[in-house]
Amino acid sequence: MTIIRNCINMGASPIQTLREDAPMNQPRISPRVPLIAAVLGAAACLAFAAPARAQEKVLNLYSARHYQTDEALYANFTKATGIRINRVEADDAGILARLKAEGAASPADVILLVDAARLWRGEQDGLFQPMKSAVVERRVPAQFRGADTGQGPQWIGISTRARVVVYDKARVKPEQVDTYEELAAPALKGQVCIRSGSHPYNLSLFGSMLERLGPQRTEAWLKGVVDNLARPPRGGDTDQIRGVAAGECAVAVTNTYYFARLMQSGSAADRDLVARVGVVFPEQAGAGTHVNISGAAVARNAKNREAAQQFIEYLTGDDAQRMLADGNNEYPVVPGVRTENPALAALGRFKSETVPVARVGANTAAVQQMLDRVGFR
Ligand code: FE2
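Rules used throughout
Residues numbered from 1 in each chain as written. Predicted model: local features only at pLDDT ≥ 70, side-chain atom pairs only at ≥ 80, totals over all residues. Heavy atoms only, no water. pLDDT = per-residue confidence, 0-100. Contact = heavy atoms within 4.5 Å. Buried < 20%, exposed > 50% of the residue type's maximum accessible area, 1.4 Å probe, protein only. Helix = DSSP H or I, 4+ residues; strand = E, 2+ residues; numbered from the N terminus. Polar contact = N/O pair within 3.5 Å; in protein donor to acceptor, adjacent residues only side chain to side chain. Phe/Tyr/Trp six-rings, centres within 6.5 Å; stacked < 30°, edge-to-face > 60°. Core = buried A, V, L, I, M, F, W, Y, C linked by side-chain atoms within 4.5 Å. Axes fitted to C-alpha atoms, helices over the stretch in contact; angles between N-to-C directions. Parallel < 35°, antiparallel > 145°, perpendicular 65-115°, else oblique. Nonpolar A, V, L, I, M, F, W, Y, C, P; charged D, E, K, R; others polar.

## Regarding the confidence of the model for the chain
Thinking step 1. Scored by pLDDT, the chain comes out at a mean of 88, with 86% of its residues at no less than 70.
Thinking step 2. Scored below 50 in pLDDT, residues 1-51 makes 80 contacts in the model with residues more than four places away or belonging to other chains.

## Quick word on helix α13 (residues 318-327)
Thinking step 1. Residues of α13 that are buried include every one of Ala320, Gln321, Met323, Leu324, Ala325 and Gly327, and no others.
Thinking step 2. Along its buried surface, α13 packs onto α3 (68-81), β5 (156-168), α12 (305-315) and β10 (331-332).
Thinking step 3. With its phi angle positive at about 55°, asparagine 329 sits one or two positions after the end of α13.

## Examining the environment of tryptophan 221
Thinking step 1. Tracing the sequence through the fold places tryptophan 221 in helix α8 (residues 215-228).
Thinking step 2. Sequence spacing of tryptophan 221 and valine 374 is 153 residues, and the spatial spacing of their C-alpha atoms is 9.8 Å.
Thinking step 3. At a separation of 2.9 Å, a polar atom in the side chain of tryptophan 221 contacts the main-chain carbonyl oxygen of tyrosine 180.

## Some points on the packing of aromatic side chains
Thinking step 1. Inspection of every chain in the model, using the stated rule, returns nine aromatic pairs.
Thinking step 2. A ring pair is formed by tyrosine 74 and phenylalanine 311, whose centres lie 6.1 Å apart and whose planes are at 40°; its orientation type is tilted. One end of the pair, tyrosine 74, is in helix α3; the other, phenylalanine 311, is in helix α12, and 237 residues separate them in sequence.
Thinking step 3. On the basis of relative accessibility, which here comes to 0%, the residue phenylalanine 311 falls in the buried class.
Thinking step 4. Linked through ring pairs, Tyr74, Phe77, Phe311 and Tyr314 together constitute an aromatic cluster.

## Section: the nonpolar core
Thinking step 1. Leu59, Phe311 and Leu315 are the most contacted members of the largest nonpolar core, which totals 75 residues.
Thinking step 2. Not counting residues up to four positions away in its chain, the partners in contact with leucine 59 are Phe77, Ile83, Arg84, Ile85, Asn86, Asp109, Val110, Asn304, Ala307, Ala308 and Phe311.
Thinking step 3. Residues Tyr180, Leu205, Leu213 and Trp221 belong to the second largest nonpolar core, which totals 29 residues.

## Concerning the packing of helix α10 (residues 256-263) against helix α11 (residues 268-276)
Thinking step 1. Orientation of α10 relative to α11, taken along the N-to-C sense of each, is 125°, at an axis distance of 8 Å. As summarised for this structure, α10 and α11 are arranged oblique, according to the angle between their axes. In this structure, α10 uses Phe259, Leu262 and Met263 to contact α11, whose residues at the interface are Asp270, Arg271, Leu273 and Val274.
Thinking step 2. A breakdown of the residues in the contact of α10 with α11 according to their chemical character gives five nonpolar, no polar and two charged.

Below, the structure is given as structure tokens:
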């Protein structure tokens, strides 16, 4: 009875399909998604009801990534291994909620999420299992893996993105914003735009600040940023960049790929906007710019454990790394992998922070309490 109810839920549950991360040239709502969900739901039910077709190897993937280039990434894996990938796409919160609701009956084998704060949350909620892999240890720097549980980390970075400051070239000099701490400087009163403090991208940035500055200085800094806001936090990172271009704010915070997207936009207005806005990689003279990840995890109740590991190891290969990074204007997590992305090349090389993303994730709970205290919505 439980199984049947789960089956019905799987096929019929409305999946969140709003794509905060969607490239601008793609529809934000994917019409494919409900169909995939229905098919996968039905497939899972068939698997429960009758033995699977003999020897067909499958991998059930829950992904918060949703870029066209990822299609080729999956197709290449199937070609190389014969393992068919069933995919459920939803946003990160939707995937975490779904895994919780499905519990032990979940068909998920591998989960792809964006941001260390969310990966850490999934680990805390017991949704993943550790994975020990010599390939991953060799390819992915320890800084970008979850904390080692003794049986390996519970999640592994597959691409990186930097959190940078953009500014109005007419009103601000880059040296005014070349540290994150300067976002709280009195000179920028009423001029800073940033999305919600509680969004994972900001929780992670602030978690990194907490690691570096300690609790007192971090909370004072957060209070200073709130005092400097040009408007109450709203919208995504791209909206903050647009706010700078429109003169509503002089300074804003964004992940690199959003800016790179605008740089490569087909719209002349977007490219015009980019020309008015400068970009700074903060902390180049200090700790380095805050860098986050998108990452992969083996699901707690994975039925295809071996295929799951094979897939995650595949994602760390040179070709997969290039596709993962270029598809969303991100950076490869594996050192030395070359990409060809004119926008990222134009943004240039930069020094990254070295704080482990696992520490950043673990700090986000304390950060949320600070945000509540200083009224950073
Ligand atoms: Fe994003």
